[in-house]
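# Breakdown of the fold
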Amino acid sequence: EAVDRQLLHSSVINGSYSVRVRTEHRITLVSLTGRMISLVSPPLTCGPDFILCKKLPPLSEPITEDGWVFEDTHLTIPFMTRLNLDKVAGFDSDARIGIRDFPGHLRSMIVRRLRQPDCEFLKDLEVPLATLSKSIREHLIESAEIPVIGVTGLGSGEVAAGDAALCGMLLTTRCFSLGGRFRMSWFQRLAVEIRRFLHRAGPFGRNWIGYAIDGRMTETQQLFFNAMSRDFEGAGEVLVKRIADDDMINGRAFLAGVNMTLEMIQSGVFNR
């Protein structure tokens, strides 16, 4: 149905892959070098290094876990088929969304969502995130090594809560930086610090953090940040729920990172 254009234009993605996650609507492949490709079907949509299919093989149908090969816009599925992705409709995961005004309505929705009982697991993130926030507020980002270590890889799950929170923080900061109204010059320095400690994240967290540093998003994340730029209450409420329910990116932890960044911006420390 569609493919991320970035997947077709990156030679580093070429290589052999193995199935690491398989659900009804997703097959996630990981290479020996740690690169990730995701085949998804509705209700999931497009995202970084995603291949969107009409449907995936039912879980009752066995598939070979090893020996998948991506090379020159082709994905070879062992003993099944070879997909030519060159002529497939493209999706751009590299989003440039600028946010100029503080989204008060949407932040209130995020805060309310994070107070719900299913967000209790995020309490372990509160102190590490607060420490990282303090280092940024006090313009000590050059000394952010220990706070970044404290967040990266924290928590269990496919994408650890700490990794998901960093993704939320990075994408929010990038959008405000592109908006040009707030002083977000520390973004690049923080990204450098986070890259230094990517080895502390799991294979899925490493990929999602890398996507966030490069400004790459899923379709849902793009809709979410576009809603943030307009701060529409109705659309915002729907998209906060969609992000929170997105287990692939650990959506509630992602919102915790978004909220931390919005809190810092609201404090006025980044005003021009």
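For the structure, see preceding data.
A short tour of the structure in this document, coming up. Since we're looking at a predicted model, the values are computed, not measured.

## Re the overall build of the protein
Helix and strand counts for the protein stand at 10 helices and 9 strands. Since a compact globule built from 272 residues should have a radius of gyration of about 19 Å, the 19 Å found for the protein is in line with a globular shape. Reported as C-alpha extents along the three principal axes, the dimensions of the protein are approximately 55 × 40 × 35 Å. Evaluated residue by residue, the protein yields a buried proportion of 53% over its 272 residues. Averaging the locations of the 32 positively and 32 negatively charged side chains of the protein gives two centres separated by 4 Å.

## Some details on the sheet that holds strand β3 (residues 26–31)
In spatial order, the strands read β8-β7-β6-β2-β3-β4-β5-β1-β9; together these 9 strands make up an open sheet with mixed pairing. Each having just a single partner strand, β8 (81–84) and β9 (90–91) make up the two edges of the open sheet. This element, helix α7 (residues 203–213), spans β2 (15–23), β3, β4 (36–40) and β5 (50–52) of the sheet and lies at about 90° to β4.

## A look at unusual backbone geometry
Residue P43 is bonded to the preceding P42 through a cis peptide linkage, with omega at 15°. Here the phi dihedral of T73 falls at roughly 65°; this positive angle occurs in a residue that is not glycine. Its location among the elements puts T73 in the loop between β6 (66–71) and β7 (74–77). At F79, a residue that is not glycine, the phi angle is positive and equals roughly 65°. Tracing the sequence through the fold places F79 in the loop between β7 and β8. Taking the relative accessible area as the measure of exposure, F79 reaches 81% and is therefore exposed.

## Details of the layout of surface pockets
Size it by volume and the largest pocket reaches roughly 470 Å³. If you go around the largest pocket, you meet 19 residues; those closest to its centre are L114, L122, E126, A256 and N259. The set of elements that each furnish at least two residues to the lining of the largest pocket consists of α2 (104–114), α3 (123–137) and α10 (251–266). Class assignment for the residues of the lining of the largest pocket results in 10 nonpolar, 3 polar and 6 charged.

## Let's talk about the packing of aromatic side chains
To describe a pair of aromatic rings, one takes the distance between the centres and the angle between the planes. Under the definition given, this model contains 4 aromatic pairs. With a centroid separation of 6.2 Å and 85° between ring planes, the pair formed by F50 and W208 is classed as edge-to-face. Here the residue F50 occupies a position in strand β5, and W208 occupies one in helix α7, the gap between them amounting to 158 residues. Take F50: its relative accessible area is 2%, and that puts it in the buried class. Note on W208: relative accessible area 5%, which makes it buried. Judged by centre distance (5.3 Å) and plane angle (90°), the rings of W208 and Y211 are edge-to-face. With W208 and Y211 both in helix α7, this residue pair falls 3 residues apart, about one helical turn. Grouped by ring-pair contacts, the aromatic residues F50, W208 and Y211 constitute a single cluster.

## Topic: the pattern of salt bridges
Counted under the stated rule, the structure contains 10 salt bridges. The residue R195 makes a salt bridge to D214 at a minimum N-O spacing of 3.2 Å. Taken as a pair, R195 in helix α6 (residues 186–196) and D214 in the loop between α7 and α8 (219–230) lie far apart in primary sequence, 19 residues in all. In this structure R195 comes out as partly exposed when scored by relative accessible area, which is 43%.

Scoring rules and cut-offs
Residues numbered from 1 in each chain as written. Predicted model: local features only at pLDDT ≥ 70, side-chain atom pairs only at ≥ 80, totals over all residues. Heavy atoms only, no water. Helix = DSSP H or I, 4+ residues; strand = E, 2+ residues; numbered from the N terminus. Rg over C-alpha atoms; globule rule 2.2 N^0.38 Å. Buried < 20%, exposed > 50% of the residue type's maximum accessible area, 1.4 Å probe, protein only. Lys, Arg positive; Asp, Glu negative; His and termini not counted. Charge placed at Lys NZ, Arg CZ, Asp CG, Glu CD. Pairing = 2+ DSSP bridges. Contact = heavy atoms within 4.5 Å. Axes fitted to C-alpha atoms, helices over the stretch in contact; angles between N-to-C directions. 1 Å grid on protein atoms, 1.4 Å probe; cavity = no way out; pocket = protein on both sides within 12 Å on 5 of 7 lines; lining within 4 Å. Points joined across faces, edges and corners; volume = space filled by probe spheres on them. Nonpolar A, V, L, I, M, F, W, Y, C, P; charged D, E, K, R; others polar. Phe/Tyr/Trp six-rings, centres within 6.5 Å; stacked < 30°, edge-to-face > 60°. Salt bridge = Lys/Arg side-chain N within 4 Å of Asp/Glu carboxyl O.

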